[in-house]
Amino acid sequence: MRVASSIGRLLASGGIAVALLAGGSTAVADSAAPDAVRVVRDAAPANPYAQLRPLSDLSVRRLATADLVAAAKYGTGSPIDDPAREREVLAAVARRAEQVGADPEVTVRIFRDQIEANKVVQRALHRRWDADPASAPTERPDLAKVREEINRVNGELVHAIAASEPARTAPYCRGLLTAATAQVRYERHLDVLHTVALVRASRSVCG
């Protein structure tokens, strides 16, 4: 059986196909050993755009998993909203933020937007597949493996949040973030749905 071509394209652009085939920790954003933790803000690039660009890149990688989660849940009766999983993710990223020197409250706020953006994609895809069953995926991804990839991206995103604090709190953040979002959209060939979701995912980055 095949997977919908749009999912395949996002896998290629997001670079997660190999990761989904590899094993990984089931912990969310807690994979690094304690003695390897550093305050990553000290190593942040001086260029504000270079601080913000990884946030857009990682948000796109995380959005690519939304297609897979949607395919894994479609037709199973599993709800898109999963409050228990969301609480687990938010608690883990808050702990990780404290370890790497990021503000846990800000980190959780950014991740709430990431989660909501993923659900925007999932809901839209389910509506599309309901309206056109021929476009629905005919292969169901392993949700546990998809979540392993989400966990890995979450860990990287927490570090990127910590490293980007100077740019995120600067008055010019919104303009630079818009530029980074536009560039990533162009490079990843995002469609309208994933572009809208990327903007939703970035809502709380600045400020």
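Everything that follows concerns the structure shown earlier in this document.
Residues numbered from 1 in each chain as written. Predicted model: local features only at pLDDT ≥ 70, side-chain atom pairs only at ≥ 80, totals over all residues. Heavy atoms only, no water.

## A few points about empty space enclosed by the protein
Over the atoms rolls a probe the size of a water molecule, and its path tells where empty space is left. Rules: Using a grid of 1 Å spacing that covers the protein atoms alone, one calls a set of points a cavity when a 1.4 Å probe fits there but cannot get out, and a pocket when the set is open and has protein on both sides within 12 Å along at least five of seven lines; lining residues are those with an atom within 4 Å of a point. Grid points are joined across faces, edges and corners, and a volume is the space filled by probe spheres set on the points. The classification used treats Ala, Val, Leu, Ile, Met, Phe, Trp, Tyr, Cys and Pro as nonpolar, Asp, Glu, Lys and Arg as charged, and all other residues, Gly among them, as polar.
One pass over the structure, following the stated rule, counts one cavity of 30 Å³ or more. Approximately 210 Å³ is the volume attributed to the largest cavity. Arg85, Glu86, Ile115, Gln122 and Ile150 are the residues nearest the centre of the largest cavity, which is lined by 14 residues in total. Along the lines of polarity and charge, the residues of the lining of the largest cavity split into five nonpolar, two polar and seven charged.

## Remarks on the pattern of salt bridges
So the rule is basically this: The rule for a salt bridge is simple: a side-chain nitrogen of Lys or Arg has to be within 4 Å of a carboxyl oxygen of Asp or Glu. Going along the chain from the N terminus, every DSSP run of H or I of four or more residues is numbered as a helix, and every run of E of two or more is numbered as a strand. Throughout this description, buried means an accessible area under 20% of the type-specific maximum (1.4 Å probe, protein chains only), exposed means over 50%, and partly exposed covers the range between.
Under the counting rule described, the total for this entry stands at 11 salt bridges. Across the salt bridge formed by glutamate 187 and arginine 53, the nearest N and O atoms sit 2.4 Å from each other. With glutamate 187 in helix H8 (residues 173-188) and arginine 53 in helix H3 (residues 48-73), this pair connects stretches of sequence that are 134 residues apart. With a relative accessible area of 17%, arginine 53 lands in the buried category. Notably, a salt bridge pairs aspartate 82 with arginine 147, separated by 3.1 Å at the nearest N-O pair. Pair noted here: aspartate 82 is in the loop between H3 and helix H4 (83-100) and arginine 147 is in helix H6 (residues 143-163), with a separation of 65 residues, a long-range link. Linked through salt bridges whose partners overlap, the residues forming this network are Asp81, Glu86, Glu116, Lys119 and Arg123.

## What to know about the nonpolar core
Within soluble globular proteins, side chains that are nonpolar generally end up buried alongside one another. Rules: Only buried Ala, Val, Leu, Ile, Met, Phe, Trp, Tyr and Cys residues count toward a nonpolar core, and they belong to the same one when joined by side-chain atoms within 4.5 Å. Two residues qualify as a contact provided that any one of their heavy atoms is within 4.5 Å of a heavy atom in the partner residue.
Among the nonpolar cores identified, the biggest contains 26 residues, and Leu55, Phe111 and Val205 are the most heavily contacted of them. Taken together, the elements giving at least two residues each to this core come down to H3, H4, helix H5 (104-131), H6 and H8. Other than its neighbours up to four places away in sequence, valine 205 contacts Leu52, Leu55, Ile110, Arg168 and Leu177. Grouped together as the second largest cluster of nonpolar side chains are 18 residues, Tyr74, Ala124, Ala136 and Leu193 included.

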